[in-house]
Structure formats: structure tokens, C-alpha cells
Amino acid sequence: MARKKIREYDSKRILKEHLKRLAGISLDIKSAQVTQSTDFDELVQQEPWLSSTKLVVKPDMLFGKRGKSGLVALNLDLTGVMAFVKERLGKEVEMGGAKAPISTFIVEPFVPHDDEYYFSITSDRLGSTVSFSECGGIEIEENWDKVKQIFVPTGQSLNTEICAPLIATLSLEVRGKIEAFIRGVFNVFEDLDFTFLEMNPFTLVNGEPYPLDMRGELDDTAAFKNFQKWGNVEFPLPFGRVMTPAEQLVYAMDEKTSASLKLSILNSKARIWTMVAGGGASVIYADTVGDLGYATDLGNYAEYSGAPKEEEVLHYARVLIDCATASPDGRGRALIVGGGIANFTDVAATFGGIIRAMREKQNQMREGKMRVYVRRGGPNWQQGLAKMRALSKEINVPIEVYGPEASMTGICKEAIDYVQVSG
Amino acid sequence: MASGQLFSKQTQALFYNYKQLPIQRMLDFDFLCGRETPSVAGVINPGSEGFQKLFFGQEEIAIPVHSSIKEACKVHSTADVFINFASFRSAFASSMEALKQPTIRVVAIIAEGVPEGDTKKLIAYARANNKVIIGPATVGGIQAGAFKIGDTAGTLENIVESKLYRPGSVGFVSKSGGMSNELYRIISRTTDGIYEGIAIGGDVFPGSTLSDHVLRYQNIPQIKMVVVLGELGGRDEYSLVEALKQGKVTKPVVAWVSGTCARLFKSEVQFGHAGAKSGGDMESAQAKNNALQDAGALVPTSFEGLEPLIKETYTNLVEQGVISPIPDFQPPPVPQDLSVAIKAGKVRAPTHIISTICDDRGEEATYAGVKMSTLIESDKGVGDVISLLWFKRSLPRYCTKFIEMCIMLCADHGPCVSGAHNTIVTARAGKDLVSSLVSGLLTIGPRFGGAIDDAARYFKDACDKGLTPYDYVEAMKKKGIRVPGIGHRIKSADNRDKRVDLLHKYGRTFFPSIKYLEYALQVEKYTLTKANNLVLNVDGCIGSLFLDLLVSSAMFTQQEIDEIVEIGYLNGLFVLARTIGLIGHTFDQKRLKQPLYRHPWEDVLYTK
């Protein structure tokens, strides 16, 4: 629920549609998306230009520096594109330390060009920053000193006067077109709740602006007012973030509820697992295990908050306990059921869900030599904690239980100690 | 922003979108602090007006409810804080409207998921007009002993434990609302407590920033030290770094930025808060902690080091004489809510209503213990539903089918009977369905539709006493009562009522015994000797067969049967059945667009 990167294909689709609507500018861009399920015959029927023009193909996977990494193929015919895709589809690449297979490509007409302009808009707290340079392209970082920037305060429109410093050095023939383009794109940016937009580069074809490479990021909390304008936009996971089935389950639950449910697996074989209430506290529990020197033993990051219903907590806890007990190895493992002192979340109710899940999963918890460490405060905490204590006796799984009087992260140390002692 | 205090012990707020619990918690806090006025002056609930009853200590008070922000601000011109509990969809519009009211100075936005573009517009407006936004995506904030926003600081017990009912010497600001509560407790353990605490919210662009509040705390003399809890993601903490470097903050600042764990993740991770995203190096917890430390903040090496560092900083200030610890006192006890006390098992209260026929509390509603889905899946009929809800048991199918037959036969009897006539007249007067229906139903009684009940009562009485038909009929005659269930306007011995024949046949075929019907038929035999139209009519037939059903099904005790006849079950059957017809008449008149009915003069005998 926040800023989400979208594919180049979607960025261009949205830009093309709404630049026409908001600024009356028609972009002559064409793109086709290629994935595992693409049938090229069908695609050519929908996009006939594919068989009549020279093409460019590149991965559309939310990572940059594709040109520098040799992942862009230019001036191919369709057969060449198909061969390029076939060779790379599903192959792992490593980009910026993250490794993942390539699943999606974008194919576009090959546009021979000389000029490469850089153009980006970023959203800041008090307005938006527009950057522009005549020296765009893959060397942009080296040429960053040539990038001109203006700041447009919130509520101001990007008028000629504000825009002037960006384009002052452009020749007169192109200046008008580029100004209109920048202003039009800025309107699209604001109207559609973009939080970031970058063209590196765009060029001019027959004197008209033509984005060659584009990145976009939307604020997905604005979906409720933009879903029609955005069309069928996809919010892919960050590159390299391949979800495990368990993570997928929780992700799907999170999408459906008004509460927040998060799960990221760090190490499926690890022996310290967390299930923490609250956005702030959950980070601090993961921090603390790391700060105590046991980052490598940490299995996951997990957070539930926003007063989830007991049923939702039950499903969530089931998934998490399954992960935590998936690889019993005779050594002990620990589950940290942590949380701060809640403001309004009913502790007894949310614990109700966790307790039901633990009751169901008691066999695998005992098999995994799991101990549970609980710390929580807030409405009905006495009742919630009492239920936990009773459960420990009932299912014969050791559960250490602490209330608001104890330090919040004290149970991290206890969990680590147990895991250490038990092998 | 800067400037100093946002709140005082006199501060009053307007609360947008009525939520009982957070408002009650604010009022309980008020009582605990010894405030003279409630901190909520009015509630704005679009589309409703009036008053909302809430507790202020032991007393109940009525808080005015307004349908518009403008109206509320006009009435409560001294209320300068706007607490917005609108959903993320409507939070922007309502917050903007509130900011535009001259009387409003502070707007707190609780909703999580307000689009950042919308928040930016609010920020721009607030800056240009010197107003303060707290949130979005926050629980709010608190000035100890003076004013609290919504759910901040949680339960009363927690407020007492964290000594928030009176001001201390520490200013606190955090991103996380949940963690602010934790820190109030930590600060109460290690110092003389909070003076003011604000949770700015977990969004990328909070309405006011960490440094906005720290700079404000610098200007509040009662605040002697500041605690800051930041979070990875965003660059908010750097404005605090700048303020520290420029010497704008001279009070000791103890700070910790959480999220050191982000380095454990290989790809980008979205943590619980929208603004908490691992990304650039500058936005990492480590970088921000280092920058804060370099700028002169007191930064522990881990979250666990925060508590001792706060304690050490406070103790130093006490030793230096900067702080003279505030004497503590016992706040007045706030009466517990009945619902809470019951839940905790501390008190018990009698219920005021008892119900034995159904239960809607579980996953699925039940009729006398039978789930609705069971009824549908086992192909039960409306007779089975009546059996469960009226008799609280599952009668055999031959009984429930008999009930259904009775309903079918009594559903309507033409437009001229008093019930239908009344319904028609009412519908034609332009009244609604329910009015038309009940005006017809209200005619049901001793003269109209009451015969089934009476027939059953009298037949039962006579048969049980062993009266011969002759004795029974003659005794009734002596009392001047027409024998109920006997006689028909048209039907006669030679022109039998088809309905009576059908019921008779059904009873004879399926009922184990039809003692009462046979008694009724004997009565008929005798009455027919008096006049040819004194036949057993459909009311008498239903009444007597119903007695047979009760007795021969062997599912009722004698006492239950007496009660069923006594309290008018059979009348209920007629009311239920005829409702079907009366609804039909209402729709019929409305469909035909019939005008107001007026009885013709010619049809009235005017006389003295």
C-alpha cells in the first residue's frame, strides 16, 4: 500500500492515453508485451507493425541499466525478437544484487535517432521536481551535472515561466514542442497520481517527442479514484522478490482486508520466527534479533495490524506456523509473538486467532521443538495473555508470556538463548 | 510551523465521523486529568443531526452532532482541533474543508491509505495558512494531563500506568502510532513522564514532520528533553539533522531510527508502514542514525539501548538541576463501562429480554436449533419453518403439510370480506404496503376470522367433557352462542364444500386419529336436522383437525395442547394466511392505480 513501480509497457500505455486527453498531444508510440504465455501469431494480428518494422526488445522487469547490461537488442526483425526472447525467457539475471528470472519483455519499433533527452519528475513533500537534460541516454549518471532541475510547489501549475530554465538552451525549432511535452507529461503525472516518472531518453521523431525508454511509479493508495484511468495496470513485485507460496498466500490476504498482514521469508531453514503486531514494532523486533547478532537465524519479517478479524489472524498464523515448522531438524526453534502496547486493537480477540492456529498445529510445533515467546499490551491484554498461558498447558508447548510491564524486545534475547542452548 | 504548544487543558475538538469508542476514551482521559470541559465539543456526522450520549466520568452528557463541518465550526467557535476519522476515500475532502475553516488550527487525520498527492495538497494549504496537520495514518497525539486525540495511549489502565494524566518533562515524537504507546510506557518508567507526544504517521509525506515537532518542543519551556523514534525510508530525519547542526535545537535529543534489519533483505521490502521501504542508502536506518549522532543527538546502538539512554539523559538533567521531578498524585478512578466489566467477569447484569425460538449470533442463524441451510438443503417447506418457530419442534411432514394446506386455503376469500375491503380502501387512500396490510389485519377478531380458534375451543371442550352433539348444541343455544365452525352462507348438505372434503380426506388418510373431526361431523349431523345449510364449514374443519394433529402426533403434552388452543395459535394461522391475500390486494390496487375510495351517499341511510 504505497508507491509501486509499474512496467514500462503500462507507463507508456497510460502516458499515451492521457497525454492525448489532458494535453491534446498524440504520441506515435507502439509497444507490445511478451511473456511466457504470448502467442506470437496472435500478437502480430493485434499489433501488425511487429511484422513490418524493425524492432527493439528488452526485459520489462522494473530494473534499469538494461542498455549497459547488454539486455537491449536493436534493429531486429520479428524472428530476431523471437530468438532473443526464447534465449532469455525464464533465465536468471543478476541486477543490483538481486537475482531473478526474466519473465516479461517489451517490444517496440526500432527508432533510429540522434538526440537523446533526459526527463524525469519526482514527487517531494512540498511539490515536484522536474529534471531535464539534452544529454540523456545510458551515460546520464556521468552527465548528471548537465541536468537542469526546477521545483514546482504543490498547487502550482507548470507554466511557461517556471518551465523556462529547463529548456532555455534548446534551439528555437524544438523548444516549443519540448515545452508543451514536458508540461503535458507533468499534468499526466499529477492527474494520475504518479509518484515518479522518468524518460531516459526521449527523442524527437519528425519533430515530435518520442519516449524511447520510460519508468513509472504509481501511488497505489489512489487506486480507488484512478482505477478506470489506470486501466488494467499491473503492480509487479520488486525485481528479485520471488514470493514463496506462503508469502503469496499472505499477500493475497493482505490485498483483501482493510487490516495489514505482511510476511517476508528471509531464511526458510532458520530457527527464530516472528509474528508481530504493529507496523512500527514489527520492524524493531527484526532489528533486535539482528542487533543481538543473530540475523542469520532469523526466519522472517511479519506484521499484522489495523485490527484484523479473528478469522484473518487465524489464517495468517496458520501460514506462518507452517513456515516456522517446515524443516524440523531435532534442534529447538522459537516463535516470537511480539507487539507493543496496542492503542485500540483487542489483544484477546487477535490472540484468539493465533491460539486457534497453534491448537491446530500443535503436533508440528512439538515436532519442531518450538517454544513460543509472547509479549503484548493493550485492550483486554490480561485476558489475551491468560488464554496464552492456558494454551501452553493444554497443548504442551512451552509458551513464555509477558505483559506491558516487561520490555518489548526482551523476548528476543530469550528466544535466542533457547535456540542456542538447544543445539 | 515551529511555535509552541498545540493544546492546553481547555482545548476542545470537533470529531468528524462519529466513533463511540475513541470519543469515550477522550472523555475518560479528560475526567482523569480533572478537565472541567469535555475535550470533544461536537461531532460531525454527514447526514445526521442531534445529540450523542456519552459519559463524562459518572455523568452522562449529550454532545451535539452536526451534519456539516461549516455548521459545527460556526456553533463551536472555540473548538480549534479537528479530529478526522473519515475513511481514506473521504479524508482528503473533509480535511481540506476543515483546514479552510478560520476557527480550526490543527487537523489530525487518522485514516491510513490517503493518496500522497492528496496529502501534499493538504500540506501546501496548511503551510500557506499557518495550520498544523498531524497524520495521516496516525493514532494522533497527547498532551499529558490536558488533551488527547482519539485512541492515543490506548486504555485507561495504560494511561494511568504511563502517568499520562499529568505533565512530565519529556517531549516525544515518532512515526509509529503503535510504538508511541510503547514509548510512553518506557518514558514513564525512566523519567517523570511525557509532556507531549505526537505520532506523525507512517506515510511517505506526513502532514507534519519529526523536526516540525522537535522544533516546537524546543519552544515549550516545560519540555526539558526530547525523544525521537524514526524509521527507515524517507528523508524526514535529515531535516532534524539540519536543525541540530544549525543549533536550532539545544535541548538533549535522544533518537533512534528503526529498520536496521532492512539490510538482511536482498530485494526491496515494503514494511508495515507505507513510508517504511528499504531503498536508497540515505534512507536506511543506519545512515540516519549515524547522521543524527554526528549532528549531536544521543543515539543508542540498538532499540534496546534506547531505554537506558533515556534514563541516563534524564538522570543527568535532574542532577544538573534542569529538571525538578514533578510530584505524582493519584488520579480519580473512572467508572468502568458495564460491557467491559462484564467481559472481565467483574460484574453481572440481568438481561431484559428472553428468547427461545431462534439464535442469530453464530455463523448461521438457527430456528429452534435447526440451521437455515439445513432447512433449505433438506427441502423443507414453510410448514416446517412454522413448526420450528411456533411449536419449537420438528413436526412430521404430514403435519407440516397440513399446516401448509391450511395456509393455502385461508390465504384469501375475495375482496368483499372486511379485511380485504379495509386493505383496498387504505391502499386507495395512497397509504404504503404496511399500512394497507395492517388496516386489513386489524379487522381480524371475534367476528372476522376468529371462527377457527373458537371452533377448536368449543369442540375440544365439548368432546373432552363427553357431551353428546345434542347436549352441546342445545347448551350453546341456551347461552345464545352460535356454534362456531358450523353453518355456511351458500354451502349445504347437498352442495358440500370442496375444501372441507379435501381436508377431511387428508386427515383420514394421514392422521393416526381424527377423534375431534369425527366429533365435529356428529355435531354437523345433528345441526343438519335443523337446517340444510348448517354444515361443518372450513373453519370448523381446520379447528377440529388441528386438535387431532396436536393429540395424535404424540408430540405435545396435554398441558401444551391446552396452552396452544388457549393463546390463539389457530388465529395465528389465519392471520398468517390472510396476510398473503391482503398483500395481494394492496399490490392489485396500486397496480390498477385506483383513486381514493369514497362511499356513495346513496348507499348510506341518513336518519335521525
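In this text the structure is predicted, and so the values were computed from the model without any measurement.

Please explain the overall build of chain A as it appears in this structure.
Looking only at helices and strands, chain A has 14 helices and 20 strands in total. Reported as C-alpha extents along the three principal axes, the dimensions of chain A are approximately 80 × 50 × 40 Å. Here chain A, with 423 residues, has 56% of them falling under the buried criterion. Here the contacts in chain A between residues at least 6 apart in sequence split such that 70% fall between residues at least 24 apart. When the accessible area of chain A is evaluated, it comes to approximately 17,500 Å², of which 50% is carbon and sulfur surface. Positive and negative side-chain charges in chain A, numbering 49 and 56 respectively, have mean positions lying 5 Å apart.

Can you help me understand the overall build of chain B in this one?
When you go through chain B residue by residue, the secondary structure sums to 23 helices and 16 strands. Against the 2.2 N^0.38 benchmark of 25 Å for 608 residues, chain B shows a C-alpha radius of gyration of 39 Å, more extended than a compact globule. The principal-axis extent of the C-alpha atoms belonging to chain B is close to 120 × 55 × 50 Å. Here chain B holds 608 residues, and 52% of them are scored as buried. Within chain B, contacts between residues at least 6 apart in sequence are counted, and of these 73% link residues at least 24 apart. Total accessible area on chain B stands at roughly 27,900 Å², and carbon and sulfur atoms take up 55% of it. In chain B, the 67 positive side-chain charges and the 64 negative ones have mean positions that sit 5 Å from each other.

I would appreciate a short explanation of the UniProt feature "domain: ATP-citrate synthase ATP-grasp" (unreviewed entry) in chain A in the present structure.
As annotated in UniProt, the feature "domain: ATP-citrate synthase ATP-grasp" (unreviewed entry) corresponds to residues 2-230 of chain A in the numbering used here. Regarding residues 2-230 of chain A, the helix share stands at 32% and the strand share at 32%, and the terminal C-alpha atoms are separated by 16 Å.

Would you mind showing me how to read helix H1 (residues 20-33) of chain B here?
Since there are 3.6 residues in each turn of an α-helix, residues three or four apart along the chain are aligned in direction. With 14 residues, H1(B) should cover 20 Å at 1.5 Å per step; its first-to-last C-alpha distance of 20 Å lies within 8% of that length. Immediately downstream of H1(B), the backbone of Gly34(B) shows phi near 75°, a positive value.

Help me out: how do you make sense of the UniProt feature "domain: ATP-citrate synthase citrate-binding" (unreviewed entry) in chain A in this one?
In the numbering adopted here, UniProt assigns the feature "domain: ATP-citrate synthase citrate-binding" (unreviewed entry) to residues 241-417 of chain A. Note that residues 241-417 of chain A is 47% helix and 18% strand, and that its end C-alpha atoms are spaced 31 Å apart.

Looking at this structure, how should I read the packing of aromatic side chains?
The relative placement of two aromatic rings is captured by the distance of their centres and the angle of their planes. Following the criterion strictly, the structure yields 31 aromatic pairs over all chains and no others. Seen from their ring centres, Phe119(A) and Phe202(A) are 6.3 Å apart, and the 75° between their planes marks the pair as edge-to-face. A residue pair is termed long-range when its members are at least 10 positions apart, and Phe119(A) in strand S8 (residues 117-124) and Phe202(A) in strand S11 (residues 194-205) qualify at 83 residues. Relative accessible area serves as the criterion here: at 0%, Phe119(A) is assigned to the buried category. Their ring planes at 80° and their centres at 5.8 Å tell us that Phe172(B) and Tyr184(B) sit as a pair that is edge-to-face. With a gap of 12 residues between them, Phe172(B) in strand S10 (residues 170-174) and Tyr184(B) in helix H6 (residues 177-190) connect regions that are remote in the sequence. Assessed through its relative accessible area of 0%, Phe172(B) is described here as buried. With relative accessibility at 0%, the residue Tyr184(B) sits in the buried group. Ring pairs connect the aromatic residues Trp390(B), Phe391(B), Tyr398(B), Phe402(B), Tyr506(B), Phe510(B), Phe511(B), Phe546(B), Phe556(B) and Tyr569(B), which therefore count as one cluster. One residue, Lys4(A), lies across the ring of Phe235(A), its end atom 5.8 Å from the ring centre.

It is not clear to me how unusual backbone geometry should be interpreted in this structure. Could you clarify?
Outside of glycine, negative phi angles account for most residues, and trans bonds account for most peptide bonds. A cis geometry characterises the amide bond from Asn200(A) onward to Pro201(A), with omega recorded as 5°. Along the polypeptide, Pro201(A) turns up in strand S11. Cis rather than trans, the peptide bond between Gly135(B) and Pro136(B) has omega equal to 5°. Here Pro136(B) lies in the loop between strand S7 (132-134) and strand S8 (141-143). A positive phi angle, near 55°, is found at Lys65(A), a position not held by glycine. Its place among the elements puts Lys65(A) in the loop between strand S3 (55-59) and strand S4 (73-76).

Would you explain the interface of chain B and chain A in this entry?
The extent of an interface is frequently quoted as the accessible surface area lost upon association of the parts. The interface is formed by 62 residues belonging to chain B together with 61 residues belonging to chain A. Here chain B meets chain A over a buried area of about 4,700 Å², counting both sides, of which 55% is carbon and sulfur. One can count 3 salt bridges joining chain B with chain A. Counting every contact that joins chain B to chain A gives 24 residue pairs in polar contact (both at pLDDT 80 or more). For the side of chain B that touches chain A, the secondary structure elements donating two or more residues are helix H4 (116-128), helix H5 (156-161), H6, strand S12 (225-231) and strand S13 (253-258) of chain B. For the side of chain B that touches chain A, the leading source of residues is H4(B), giving 8 residues. Across the side of chain B that touches chain A, the residue classes tally to 21 nonpolar, 22 polar and 19 charged.

Which parts of the structure should I look at to understand the packing of helix H17 (residues 451-465) of chain B against helix H20 (residues 515-528) of chain B?
For any two helices packed against each other, one specifies the inter-axial angle together with the distance between the axes. All names here are of chain B. Axis separation between H17 and H20 bottoms out at 10 Å; the angle between their running directions is 95°. Considering the angle they form, H17 stands roughly perpendicular to H20. For the pair H17 and H20, the contacting residues are Phe459, Lys460, Ala462, Cys463 and Asp464 in the first and Lys515, Tyr516, Tyr519, Ala520 and Val523 in the second.

Even after reading the chapter, I still don't get the sheet that holds strand S11 (residues 194-199) of chain B, so can you show me in this structure?
Each strand in a sheet pairs with its neighbour through backbone hydrogen bonds, running either in the same direction (parallel) or in the opposite one (antiparallel). Residue and element names in this part refer to chain B. If you walk across this open sheet you meet the 6 strands as S9-S8-S11-S10-S12-S13, and the pairing is mixed. Of all the strands in the sheet, the pair left with one neighbour each is strand S9 (147-148) and S13. Strand direction decides the pairing type here: S8 and S11, joined by 3 bridges, are antiparallel. In the strand pairing of S11, glycine 141 is matched with isoleucine 198. Against the sheet, helix H10 (residues 306-319) contacts S12 and S13, and its axis sits at roughly 160° relative to S12.

Calculation rules
Residues numbered from 1 in each chain as written. Chains lettered and ligands numbered in written order. Predicted model: local features only at pLDDT ≥ 70, side-chain atom pairs only at ≥ 80, totals over all residues. Heavy atoms only, no water. Helix = DSSP H or I, 4+ residues; strand = E, 2+ residues; numbered from the N terminus. Buried < 20%, exposed > 50% of the residue type's maximum accessible area, 1.4 Å probe, protein only. Contact = heavy atoms within 4.5 Å. Areas by Shrake-Rupley, 256 points an atom, 1.4 Å probe, with all protein chains shown as cover. Lys, Arg positive; Asp, Glu negative; His and termini not counted. Charge placed at Lys NZ, Arg CZ, Asp CG, Glu CD. Rg over C-alpha atoms; globule rule 2.2 N^0.38 Å. UniProt positions renumbered as here; feature names shortened; annotations may be inferred. Expected span 1.5 Å × (residues − 1). Phe/Tyr/Trp six-rings, centres within 6.5 Å; stacked < 30°, edge-to-face > 60°. Lys NZ or Arg CZ within 6 Å of the ring centre and 35° of its normal. Buried area = accessible area lost by both parts, 1.4 Å probe. Salt bridge = Lys/Arg side-chain N within 4 Å of Asp/Glu carboxyl O. Polar contact = N/O pair within 3.5 Å; in protein donor to acceptor, adjacent residues only side chain to side chain. Nonpolar A, V, L, I, M, F, W, Y, C, P; charged D, E, K, R; others polar. Axes fitted to C-alpha atoms, helices over the stretch in contact; angles between N-to-C directions. Parallel < 35°, antiparallel > 145°, perpendicular 65-115°, else oblique. Pairing = 2+ DSSP bridges.

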